[in-house]
Amino acid sequence: MVVQFKVFKKEAPNRRLTIYLGRRDFVDHVTAVDPVDGVLVLDPTYLDGRKVFGQLVCSFRYGREEDEVMGLNFQKDLYLASEQIYPPKDVDPTKLQERLMKKLGPHSYPFTFRMPEQAPPSVTIQPGREDEGKPCGVEYYVKVFVGENDADRSHKRSTIQLNIRRIQFAPSKTGRQPCTVVRKDFMLSPGELELEVTLDKQLYYHKEKIAVNISIRNHSNKTVKKIKAAVQQSVDICLFSGGQYKSTVASVETQEGCPVSPGSALQKIMYLLPVLDSNMDRRGIALDGHLKNIHTNLASSTLLANPENKDMFGMVISYTVKVKLYLGAMGGEVTAELPFVLMHPKPDLRRMMRADSQAQVESFRSESMGASVDMD
């Protein structure tokens, strides 16, 4: 049986260097990260006396390009790994690299980069319609170039840059059911107003509805006139102290069951759906790292092995459900918040087993920036 799978290909402008990657998404398992493995193919007429280096780069942009004036730069590049690919060193190729090298011929050379465990996941901040240049966020790319050493200034014609993503999947443990109770008393008024908010679970997948269970017990002399529930996305930019930005990505409000008069109670379920489709025109929303020709979504929650140990060049994403009761001009508001996790599920185990069997591949299809090439 012939098994086919995608291989991502990028060629230098001078067409003398080409790199192949089996994937562009690399999983951060919190305690470890998938290695970035690929193969470099060189034109045999281009080998004489030249050295080729490869680097894994994390690029953190925290300001707009159009605001960079008088030498001001809002981008920092971190070189996470660097190695000489040609002349080759003694390395043990992975199964994917072995198969690629067998197909691509004798002038193919493997390379592998290890991502640090503390490096941040890929995040893109959605730009406005009038914004130009690269969007803010954290992105990764593999850079391969010809030079005398790994610190040499590379030439554009003999340089390859291919963007990749560092992603996280949802944990296997779902966690405790979120629940909170807020009680508010009022000056010069007897009794208190009690608001209880419960989510049906802590972990939600993208495009999954969130059921917010609301229970109101009014022992005060105030009246609840309106209820609003919303999902709030928080982006914590670790480089700045106090650099936290919040955006509402889903909301619903209702007066059904209202007014909740003194001495009465109300139980209600409100549904929220935080998706990118309803936030396409909103500037500043955090998205999962974006790659060309790959549809993205709202940024997944960031999982940290140690919440106190944050990478200063990262962006930590979190979500909360916020329920607000409106009591009128004199009564004010009552607010309750519950954190939850929004992520992608882990790939199906059977799909992973099929991916492992691809090591026995007999042919593959190569895809390069939207154009596919069949190799037999």
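Residues numbered from 1 in each chain as written. Predicted model: local features only at pLDDT ≥ 70, side-chain atom pairs only at ≥ 80, totals over all residues. Heavy atoms only, no water.

A. Expanded view of the environment of glycine 284. Considering the arrangement of structural elements, one finds glycine 284 in the loop between β17 (265-272) and β18 (286-288). For the pair formed by glycine 284 and lysine 246, sequence separation is 38 residues and the distance between their alpha carbons is 9.1 Å. Leaving out residues up to four positions away in the same chain, glycine 284 has contacts with Ile125, Gln126 and Ser247. (Helix = DSSP H or I, 4+ residues; strand = E, 2+ residues; numbered from the N terminus. Contact = heavy atoms within 4.5 Å.)

B. Structural context of the pattern of salt bridges. Inspection of the entire model under this criterion finds 16 salt bridges. Glutamate 337 is paired through a salt bridge with lysine 322; the nearest N and O atoms lie 3.9 Å apart. Remark: lysine 322 occurs in strand β19 (residues 315-326) and glutamate 337 occurs in strand β20 (residues 333-343); sequence separation between them is 15 residues. Looking at lysine 322, the relative accessible area reads 24%, which means it is partly exposed. Note that lysine 324 is salt-bridged to glutamate 333, the shortest N-O span being 3.7 Å. The exposure class of glutamate 333 is partly exposed, given its relative accessible area of 37%. One continuous salt-bridge network, built from bridges that share partners, spans Arg183, Glu192, Glu194, Glu196 and Arg217. (Salt bridge = Lys/Arg side-chain N within 4 Å of Asp/Glu carboxyl O. Buried < 20%, exposed > 50% of the residue type's maximum accessible area, 1.4 Å probe, protein only.)

C. Looking closely at the packing of aromatic side chains. Enumeration according to the criterion identifies seven aromatic pairs in this entry. Relative to phenylalanine 113, the ring of phenylalanine 111 lies with its centre 5.5 Å away and its plane at 40 degrees, an arrangement referred to as tilted. Here phenylalanine 111 and phenylalanine 113 have matching classes, each one buried. Counting every residue linked through ring pairs, the aromatic cluster contains Phe60, Tyr62 and Phe74. Positioned over the ring face of phenylalanine 145 is lysine 143, at 5.2 Å from the centre of the ring. Note that lysine 222 overlies the ring of phenylalanine 186, its terminal NZ or CZ placed 5.7 Å from the centroid. (Phe/Tyr/Trp six-rings, centres within 6.5 Å; stacked < 30°, edge-to-face > 60°. Lys NZ or Arg CZ within 6 Å of the ring centre and 35° of its normal.)

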